[in-house]
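# Summary of structural features
One-letter residues, chain by chain:
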Amino acid sequence: MIQSYEVVLKLIDRFDYGGALEILQENDMEESDVAIILDSCRYAINFDFHTARYLLNQLTDATKDAAEMRELKKNLEKLIDGDPLAIFSELIENIEFQIVNEEYIDFLGRVYRFKEAILKYMFVKTSLNKTRFSFHLEVMSKRSIIKSLRKHYKIYNTNLVYGLSSYFKKYHQNDYAIYEVLKIINSDKMDNLIELRNGSIVGHGFVGVSVDEIYRLYGNPYNVIDDFRVCLQLNDLRIERKKYVYINEFIAQELEKIHKAE
């Protein structure tokens, strides 16, 4: 019987894979398949997809062949390749983790990262004729985009977000989808969140962040996720939802088997 079994389940529900893994280690279960999956998820939510995939190779054949683990490995391979749908889906789930765990400074950091990422994605999609798209392409780097804005579009702002916003307003003002995305990510309430982020420890200051402040500036923080989903839909990206909920269900089932067997 696993000591603190209920605690492990609660930690998994909060996506605290590191905490759940520690309890299994205290129960001498660090080499179990469940511990390996928890460890893989722990790396994945920190965007270390290479290590997350490598760890899955250590599973027993029976667990490795489970449909859930095959899907997880495919997903990690897409993330490693920089597939836009996989990356954005992961980022949206990551933003939700910060809300669930009330880590609002990190939440604001992810919000800023999404705003930057969707602008970069739209820029490369509209300005380059790419048959294969990946977030790892050199053209997706800040340096490459700022150079392109300066050389081809006479936009000299070194702030990536402002530079790209200027590009879209100047060259794609009649594009409905782009207009709607800009309306969301450059709204006054979004700018207020970004300013809050800039004043925090993940920006340039030491200002604390509370959920009350987020409600005051934007409303329910889950509204941010809803708005980001609209941005992705406008770019024909239908994100995959609840990946980690499905993984958690699989982990819980495996834990229950072990718990009842002992």
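Preceding block: the structure.
Notes on the structure in this doc start here. Not measured: the values here are computed from a predicted model.

## Comments concerning the overall build of the chain
- Regarding its fold elements, the chain presents 15 helices and zero strands.
- Principal-axis analysis of the C-alpha atoms gives the chain an extent of 70 × 45 × 30 Å.
- Looking at the chain as a whole, 49% of its 262 residues qualify as buried.
- Counted over contacts in the chain with a minimum sequence separation of 6, partners at least 24 positions apart contribute 62%.
- Just so you have it, the chain exposes about 13700 Å², and 47% of that area is on carbon and sulfur atoms.
- For the chain, the distance from the average position of its 35 positive side-chain charges to the average position of its 41 negative side-chain charges is 12 Å.

## Some words on the packing of helix α6 (residues 67-81) against helix α7 (residues 84-100)
- Relative to each other, α6 and α7 sit at 105 degrees, their axes nearing to 8 Å. In terms of axis orientation, α6 runs roughly perpendicular to α7. On the side of α6, the interface is formed by Asn 75, Lys 78 and Leu 79, while α7 contributes Ala 86, Ile 87 and Glu 90.
- Tallied by class, the residues present in the contact of α6 with α7 amount to three nonpolar, one polar and two charged.

## Let's talk about the packing of helix α8 (residues 104-127) against helix α12 (residues 188-198)
- Relative to each other, α8 and α12 sit at 125 degrees, their axes nearing to 9 Å. The pairing of α8 with α12 is recorded here as oblique in orientation. For the crossing formed where α8 meets α12, the hand is left-handed. Here α8 contributes Leu 108, Gly 109, Val 111, Tyr 112 and Lys 115 to the contact with α12, which in turn contributes Met 190, Asp 191, Leu 193, Ile 194, Leu 196 and Arg 197.
- Grouping the amino acids of the contact of α8 with α12 by side-chain chemistry returns seven nonpolar, one polar and three charged.

## Quick notes on a negative patch on the surface
- Taken together, the side chains of Asp 16, Glu 22, Glu 26, Glu 103 and Asp 106 define an acidic patch exposed on the protein surface.
- The topology assignment puts Glu 26 in helix α2 (residues 17-26).
- By relative accessible area, Glu 26 is classed as exposed at 61%.

## Points about a nonpolar patch on the surface
- Together, Ile 201, Val 202 and Phe 206 line one region of the surface with nonpolar side chains, adding up to about 340 Å² of accessible area.
- A residue is classified by how much of its surface remains accessible, and Val 202, at 30% relative accessible area, is partly exposed.

## Focus: the nonpolar core
- Counting 90 residues, the largest nonpolar core has Phe 88 and Phe 114 as the members making the most contacts within it.
- The greatest single-element share of this core, amounting to 13 residues, is contributed by α8.
- In this structure Phe 88 touches Phe 114, Ala 117, Ile 118, Tyr 121, Phe 135, Leu 232, Leu 237 and Ile 239, once residues within four positions along its chain are discounted.

## Re the side chain of Gln 98
- By the secondary structure assignment, Gln 98 is in helix α7.
- The exposure class of Gln 98 is buried, given its relative accessible area of 5%.
- Excluding residues that lie within four positions of it along the chain, Gln 98 makes contacts with Glu 103, Asp 106, Phe 107 and Arg 110.

Each value, and the rule that gives it
Residues numbered from 1 in each chain as written. Predicted model: local features only at pLDDT ≥ 70, side-chain atom pairs only at ≥ 80, totals over all residues. Heavy atoms only, no water. Helix = DSSP H or I, 4+ residues; strand = E, 2+ residues; numbered from the N terminus. Buried < 20%, exposed > 50% of the residue type's maximum accessible area, 1.4 Å probe, protein only. Contact = heavy atoms within 4.5 Å. Areas by Shrake-Rupley, 256 points an atom, 1.4 Å probe, with all protein chains shown as cover. Lys, Arg positive; Asp, Glu negative; His and termini not counted. Charge placed at Lys NZ, Arg CZ, Asp CG, Glu CD. Axes fitted to C-alpha atoms, helices over the stretch in contact; angles between N-to-C directions. Parallel < 35°, antiparallel > 145°, perpendicular 65-115°, else oblique. Nonpolar A, V, L, I, M, F, W, Y, C, P; charged D, E, K, R; others polar. Left-handed = near helix turned anticlockwise from the far one by under 90°. Patch = residues over 30% accessible without salt bridge, like charges linked within 9 Å, V, L, I, M, F, W, Y side chains within 5 Å. Salt bridge = Lys/Arg side-chain N within 4 Å of Asp/Glu carboxyl O. Core = buried A, V, L, I, M, F, W, Y, C linked by side-chain atoms within 4.5 Å.

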